[in-house]
Amino acid sequence: MYKKAVLRLLLIILVMVIAGCNHQASDEENSYRIDDVNVRAFVLPNGNLDVHEFYTYTFLDAVHGTTRSIGQQGHRGISNFQAYAIPKGDSIQSIIEHPERLELLPVQQYSNSKLDTYQIFKSSVHETQSFYYHYEIQQVVHKYTDISDLYWSFFDQQNSSTLHNVQISITLPQKGSIQDIHAYLKDKYGGTLFFDQNRTVYYENKELPAHRLSEIRILFPAQMMSNMQAQPILAKDSLISEEDTLAIKYASRTANLEQLRSILNLVMIGFILLIIGGLIWRIYHHRRAKNARFAVGELEHTDPLLLAYLWHPGQIIPEDIIASLFSLYRRNVITIETVPIRLNYLHDSTAPDYTLRFSIKDVISIPLQKDERYLLEWLFTDSQRSFTLDTVAGPTSQEKHDPERMEYYRVQYKKFYKHYRKWSKQVKKRLDWNSYYHAPMLLSPICIMLTLLHAGMLAYLYVIDILPSFTTTIGLTSLIIMTGITIVYYRSKFVFTLYMIVYVLILTLGVTISEVYNLLLCCSILLLIGRYVLPNKVWTAQGLPYRYGIKSFREQLRTGGYTHENNPEQLDLLLQYSIILKEGTSFLATHPQLTSYQHMSQTVPLLSWAEINTYTIQYTYQTMKRSTYSPSDSSTIYTPNYRNDSDQNHSDSSSNHSSGGGGGAGTF
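Let me begin by describing the structure that accompanies this report. Keep in mind that this is a model prediction, so the values were computed, not measured.

Cut-off values and rules
- The written sequence of each chain sets the order in which its residues are numbered from 1.
- Thresholds applied to this predicted model are a pLDDT of at least 70 for local features of residues and 80 or more for the giving and counting of side-chain atom pairs; totals over whole chains, interfaces and linings are not thresholded and use all residues.
- In computing side-chain values, all of the structure's heavy atoms are included and hydrogens and water are not.
- Only centres within 6.5 Å qualify two rings of Phe, Tyr or Trp (six-membered ring in Trp) as a pair; their planes then separate them into stacked at under 30 degrees, edge-to-face at over 60, and tilted for everything else.
- The cut-offs for exposure are 20% and 50% of the maximum accessible area for each residue type, with area from a 1.4 Å probe on protein chains only; residues under the lower value are buried, those over the upper are exposed, and the others partly exposed.
- Each helix corresponds to a stretch of at least 4 residues labelled H or I by DSSP, and each strand to a stretch of at least 2 residues labelled E; elements are numbered beginning at the N terminus.
- When DSSP finds two or more bridges between a pair of strands, those strands are recorded as paired.

Details of the packing of aromatic side chains
Each aromatic ring pair is described using two quantities: the centre-to-centre distance and the angle formed by the ring planes.
So, point 1. Evaluation of the coordinates by the stated rule reveals 27 aromatic pairs.
So, point 2. Aromatic pair Trp152 and Phe154: ring centres 6.4 Å apart, planes at 80°, arrangement edge-to-face. Here Trp152 and Phe154 have matching classes, each one buried.
So, point 3. Seen in terms of ring centroids, Tyr408 and Tyr409 are 5.3 Å apart; in terms of plane orientation they differ by 75°. Their pairing is edge-to-face.

Listed below in structure tokens is the structure:
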């Protein structure tokens, strides 16, 4: 059980780590790196943009050439795209003034519905090479009656390469007042923007990640666009107000992110302390349980049904009907005998030839519990007040292919399951599980507090970040719903695991800052580990001796710890325990003396046909599992784990149009 929990935990952590790696990984090929990007753009009076771009590549493998893609939105076409290879030592200014000195490279253009892509043919291998691209973009500026608007992105989500040492300058025409120029940056990835007295706006970023959008908007006097026709719209006040409001949000976002980073670091320390505390408690509890365990001999007198109940732990499964019948047999309420099995099972080569029949004695000298009376009324319905085990068995290997017979078994099982559920609830009520194993007092407040803290950090990030309204709505709604479910089912580690999966999906959907993403992902992994370290339930002083006592008892039964036992009555009891604890086959294999009591069917009926009786019990429940006709709740009911009913990435722009351009750089 613990191994499965650890494996499940490791699998989920692996998925979360992979998600984190995918979140940060770009599509940038390992074959190259873009070390420097320098873009010089000049706004022309006719609304066009004259662009000069300089790229320095380091090629780690052989490539055929480079690419430059430009988005089709926000302009009316690209003209005169030319590409050159730059020799070492040339200055940017001299290159712009005298490009004819450079090697002109062949260029091939192809387009799709979103991008115009230019392939620049220049084979390279294991070298550093610089390139110069020159092109003109038509009608980039929007001119209104009282203002001109340049809203542009040189790189966006279409860019598959991480760009290092990015420098962009945009120079406006030499007309109009400098005081009326307003420049805005929408960038979440460390970019900065400043403006000088020469009507030039500068953007710098040490590293612009792949698939990330960085937008620049410049609002400047309409008269600078002297060769453009203006749209008869007064847009100045509304555009400046809109961008000023958004600029305040970006500034607040930066301050809030710094605060969140500090909080996340403290939370991570808290989660680490939670894990350490949980591990210390488990070590202490482990030692305490070992010191308090029953001796194996003491467990040999434990009621079979209680032993099964504590072994599972705290669950009553269909196989435990046998434990209850053994309990009644030990107290002389019923008898056991081996009888021929029903005819239909004789045609199954895997079926035993015999089954067990339990009969109620004429005189019962002890008082019975409510669940025991119900069990007798439920199972012992024939005129002889007896019950044969094959009446609850499932279909044979031949019958499971017969629809009519399968329907018969489904109907029978529904009846069986209805009675079983009622009986199991009565057993649990009588045995009072909480007296053996109960939830820690602080489990509820700790789980709820940690879940709310964890979800609150992501919700806060969604609130302070600038995201599309659709992304914010979907992310926060999903987070609130899943958090509520997790709080309601705070004891369920399975539900908490689902919560973590949804959390990482929401995190990936909305978080674009790698550092914050990493911190939240680390917090999530630590909290997940901490939740698995925290026990849902702990053994009480009354139940603690059973914790390792049962484990040792099973080990003795499995490995031959009773090979020197010759008392048939005692061996009969041990065989009952081995069947209940799923060690019947091993017990038979390691205790050869069990085959020598066939003449004592009256005194030790189970032991006298030990191998046959053990197998017929196993076969009965195997056929029930084979039939797979559980009712609508679809619970898995034939293992000890049975449980029944008790317990993207772009800025939020509210402007009337989005930025034009975009695209990216790469190789082919």
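That was the structure; now back to the text.
Remarks on unusual backbone geometry
So, point 1. Residues other than glycine seldom take positive phi values, yet Asn80 does so here, at roughly 55°.
So, point 2. A relative accessible area of 61% means that Asn80 is categorised as exposed.
So, point 3. Within the chain, Gln139 stands out as a residue other than glycine whose phi angle is a positive 55°.
So, point 4. When you line up the elements, Gln139 lands in the loop between strand 8 (127-137) and strand 9 (142-143).

Re the pairing of strand 7 (residues 115-124)
So, point 1. Burial analysis of strand 7 places 7 of its 10 residues in the buried class, the great majority of the element.
So, point 2. Both strand 3 (residues 63-71) and strand 7 contribute to a ladder of 8 bridges, which runs antiparallel. When the sheet's bridge partners are listed, Ser69 is paired in strand 7 with Thr117.
So, point 3. Both strand 6 (residues 107-111) and strand 7 contribute to a ladder of 5 bridges, which runs antiparallel. Bridge pairing in strand 7 links Gln108 to Gln119.
So, point 4. The antiparallel hairpin formed by strand 6 and strand 7 contains 3 residues in its connecting segment.

In short, the description is geometric, and any link to function would need to be established separately.
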